[in-house]
Amino acid sequence: MKTIKNYAKKNILIYNSLTNKKEKFIPIEYNKIGMYVCGPTIYNYIHLGNCRTFIFFDMLYRYFKHLNFKVKYIRNITDITHLELKLNCVNNQMEIIQKYLLNFYFILKKFNILSPNIEPRSTGHIIEQIINIKKILNKKFAYINKGSIYFDINYYNKIFGNYGNILNNIDLNKEVNLNNKFIEEKKNYYDFAIWKKSNYGMNWESPWGKGKPGWHIGCSTMSNKYLGNYFDIHGGGIDLKFPHHECEITQSNIINNNNYNLAKYWIHTNMLTINNKKMSKSLNNFIIPNDIINGKLNITNYKKINPIIIRLYFLQTHYRKIINISNKSLINTEKNYKILLNILKKIKKIKPKLKTSSNININNIYKIFYLSINDDFNIPLLIYNLFKINNIIDKCINKELNINFNDINKLYNLIKIFLIDILGLKFKKKRKINFKKIINKIYEIRNEMRKKKNYYFSDKLRNILNNFLCIKDNKI
């Protein structure tokens, strides 16, 4: 088994958004992985589409750890917001940020998402961001106007000529939306802020006056601080490819004085749609995870949905494909969930004879599972193969196939590893019913009824209790 696992470790294929092709995964440093994933911007509740990204990278993190890589997983918190447009009081802003941050952690726990190794916050890295802005200014790739600082894309493209074509294939002139308000402080429409002047609300002192860092500079700064100037994996949702990740790469190449594009492999999860439209806060068509979990949505006929079923719902579609949420697809996922988790129970029902020889090749099953997940994390294929194992188990129970005790244990451990440890599914633990407490409570209620001379109900309860106790009533 160790040989198969080591082979799997050395033969992972990842679709790299930087090159637009599948590539063999070779870490920069042997047996170590540095992974940075863009976390939430804390100004509202996260929506269900955000959760798809966090669930996928949680699975990735689990898989790398299973393969015994030493993983340093960084997921940032962007807690510098534009709430001061509505609220001038910093204290109020921090209260709101804390409210949404606590909800974020609550939702992640519901979806059985592991904590990253480090979770840096933008507000905790202001000094480092200012240092990086100085580097960009000193190299003439940015300009100051009215206290704000903008990255100069025209100047960058005169030298490097690739902004808009690093992770994307974008004609910048066509990206200009004339309906959007042009910030006249900028030289060009697509220049982006690395420092914004702000005299109220959330701001910090800087060499250029009071203000706050732009959105993109935060991720470059935090990823560099904890993973170095060049690391293995940078991930996020596909909606971050442009402009956020394009801007990250552009400014990082200047800050770090290299053209490594910040990370070796860039991985992007696709969108979750509702009625075939992108789910987003800007379109006001997003689903709050709590609402779907607690049965508050028409789309699920107001039925409560187990969050682990939602986790499986995301994983059973390849991460690079669009998912359109519907009640029918969730019902099908619930059926799949029950079948998958029932596999472990069914394995225990196999009763081989003591000297039964096995005609099932467990090593081959291991290979099939690893090959599935190693092909650009093809979880749908893995799940398909798990269903095939379900059929094999049925044949073993029905004595159509033979399996010995040793192979039963191996098969059980294999299924458990992939279902529980890697995919992050889990059983609902049945609560043990404490009959003694229930009986004692009924007895107490009956005594209260007798004291109130409600003999009709007290006699009914006595008849129930007589099944468990010998009751001799004293006169009241």
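Residues numbered from 1 in each chain as written. Predicted model: local features only at pLDDT ≥ 70, side-chain atom pairs only at ≥ 80, totals over all residues. Heavy atoms only, no water.

Caption draft 1: How the structure looks around the sheet that holds strand S4 (residues 70-75). If you walk across this open sheet you meet the four strands as S4-S3-S9-S10, and the pairing is parallel. Every interior strand has two partners, whereas the edge strands, S4 and strand S10 (263-269), have only one. Mean inter-strand twist for the sheet, computed between neighbouring axes without regard to direction, equals 20°. Pairing geometry for strand S3 (residues 32-37) and S4, over six bridges, is parallel. (Pairing = 2+ DSSP bridges. Helix = DSSP H or I, 4+ residues; strand = E, 2+ residues; numbered from the N terminus. Axes fitted to C-alpha atoms, helices over the stretch in contact; angles between N-to-C directions.)

Caption draft 2: Structural context of the packing of aromatic side chains. Following the criterion strictly, the structure yields 29 aromatic pairs and no others. Considering the side-chain rings of Phe151 and Phe192, the 5.0 Å spacing of their centres and the 5° angle between planes classify their relative orientation as stacked. With a gap of 41 residues between them, Phe151 in strand S6 (residues 148-151) and Phe192 in strand S7 (residues 192-197) connect regions that are remote in the sequence. Here the aromatic rings of Tyr366 and Tyr370 are separated by 6.3 Å at their centres, their planes lie at 25°, and the arrangement is stacked. Taken together, the residues span about one helical turn, with Tyr366 and Tyr370 both in helix H12 (residues 362-374) at a distance of four residues. Grouping residues by exposure puts Tyr366 and Tyr370 together as buried. (Phe/Tyr/Trp six-rings, centres within 6.5 Å; stacked < 30°, edge-to-face > 60°. Buried < 20%, exposed > 50% of the residue type's maximum accessible area, 1.4 Å probe, protein only.)

Caption draft 3: Quick peek at unusual backbone geometry. Along the chain, Phe242 connects to Pro243 via a cis peptide bond; the corresponding omega equals 5°. In this fold, Pro243 is placed in helix H8 (residues 241-255). Here Asp376, not a glycine, exhibits a phi torsion of approximately 55°, which is positive. If you trace the backbone, Asp376 turns up in the loop between H12 and helix H13 (379-397).

Caption draft 4: Helix H14 (residues 405-422), seen in detail. Its 18 residues place the ends of H14 25 Å apart at the C-alpha level, agreeing with the 26 Å of an ideal helix rising 1.5 Å per residue. At Lys416, H14 shows its largest kink, close to 25°. A distance of 3.3 Å separates the backbone nitrogen of Asn406 from a side-chain oxygen at the start of H14, and that oxygen is part of Asn404. (Expected span 1.5 Å × (residues − 1). Bend = angle between axes of the 7 residues up to and from the residue. Polar contact = N/O pair within 3.5 Å; in protein donor to acceptor, adjacent residues only side chain to side chain.)

Caption draft 5: Layout of the environment of Gly214. Looking at where Gly214 falls in the secondary structure, it is placed in the loop between strand S8 (211-213) and helix H7 (215-227). A residue is classified by how much of its surface remains accessible, and Gly214, at 11% relative accessible area, is buried. Sequence-wise, Gly214 and Thr81 are 133 residues apart; in three dimensions their C-alpha atoms are separated by 9.6 Å.

Caption draft 6: Spatial organisation of the pairing of strand S2 (residues 21-24). Taken together, the four bridges between strand S1 (residues 13-16) and S2 define a ladder with antiparallel strand orientation. From the neighbouring strand, Ile14 faces S2, where its bridge partner is Glu23. From the end of S1 to the start of S2, which pair antiparallel, there are four residues, and Asn20 there has a positive phi angle of about 55°.

Caption draft 7: Region of the structure containing the pairing of strand S5 (residues 142-145). By the bridge criterion, four bridges tie S5 to S6 in an arrangement that is antiparallel. Following the sheet pairing, Asn145 is matched in S6 by Ser148. From the end of S5 to the start of S6, which pair antiparallel, there are two residues, and Lys146 there has a positive phi angle of about 55°.

Caption draft 8: The nonpolar core, seen in detail. Judged by nonpolar contacts, the single largest core of 129 residues is most densely connected at Met35, Leu48, Phe64, Ile292, Ile325 and Phe377. Tallying contributions element by element places helix H2 (residues 48-66) first for this core, with 11 residues. Apart from residues lying up to four places away in sequence, Met35 is in contact with Phe57, Leu60, Tyr61, Phe64, Lys72, Tyr73, Ile74, Leu227 and Ile233. (Core = buried A, V, L, I, M, F, W, Y, C linked by side-chain atoms within 4.5 Å. Contact = heavy atoms within 4.5 Å.)

Caption draft 9: Just the sheet that holds strand S11 (residues 272-274), in detail. The three strands are arranged S12-S11-S13 in an open sheet whose pairing can be described as mixed. Edge positions in the sheet fall to strand S12 (277-278) and strand S13 (323-325), since each of these pairs with one other strand and no more. Sheet topology note: the S11/S12 ladder contains two bridges and is antiparallel. Paired with Thr273 across the two strands is Lys278, which belongs to S12.

Caption draft 10: Here's a closer look at the pattern of salt bridges. In this structure the tally under the stated criterion is 12 salt bridges. The salt bridge involving Lys32 is made with Glu29; its shortest N-O contact spans 3.4 Å. Relative accessible area serves as the criterion here: at 37%, Lys32 is assigned to the partly exposed category. Across the pair Asp394 and Lys346 runs a salt bridge whose closest N-O atoms are separated by 2.5 Å. Taken together, the residues Asp394 in helix H13 and Lys346 in helix H11 (residues 327-347) connect sequence positions 48 residues apart. (Salt bridge = Lys/Arg side-chain N within 4 Å of Asp/Glu carboxyl O.)

Caption draft 11: Geometry of the packing of H2 against H14. Taken N-terminus to C-terminus, the directions of H2 and H14 make an angle of 135°; their axes are 9 Å apart at the nearest point. In terms of their interaxial angle, H2 and H14 are classed as oblique. Contacts from Met59, Arg62, Tyr63 and His66 of H2 reach H14 at Ile417, Ile420, Asp421 and Ile422. Along the lines of polarity and charge, the residues of the contact of H2 with H14 split into five nonpolar, one polar and two charged. (Parallel < 35°, antiparallel > 145°, perpendicular 65-115°, else oblique. Nonpolar A, V, L, I, M, F, W, Y, C, P; charged D, E, K, R; others polar.)

Caption draft 12: Broad picture of the packing of helix H1 (residues 2-9) against H12. Orientation of H1 relative to H12, taken along the N-to-C sense of each, is 15°, at an axis distance of 10 Å. On the basis of the axis angle, H1 is roughly parallel to H12. Considering how the two elements wind past one another, H1 and H12 form a crossing that is right-handed. Residues Ile4, Lys5 and Ala8 of H1 pack against Asn363, Tyr366, Lys367, Tyr370 and Asn374 of H12. (Left-handed = near helix turned anticlockwise from the far one by under 90°.)

Caption draft 13: Fine view of the environment of Ile28. Summarising the element assignment, Ile28 is placed in the loop between S2 and S3. Overall, Ile28 belongs to the partly exposed group, its relative accessible area being 41%. Along the backbone, Ile28 and Asn467 are 439 residues apart, and their C-alpha atoms lie at a distance of 70 Å. Residue contacts for Ile28: discarding those within four places in its chain leaves Tyr230, Phe231, Asp232 and Lys264.

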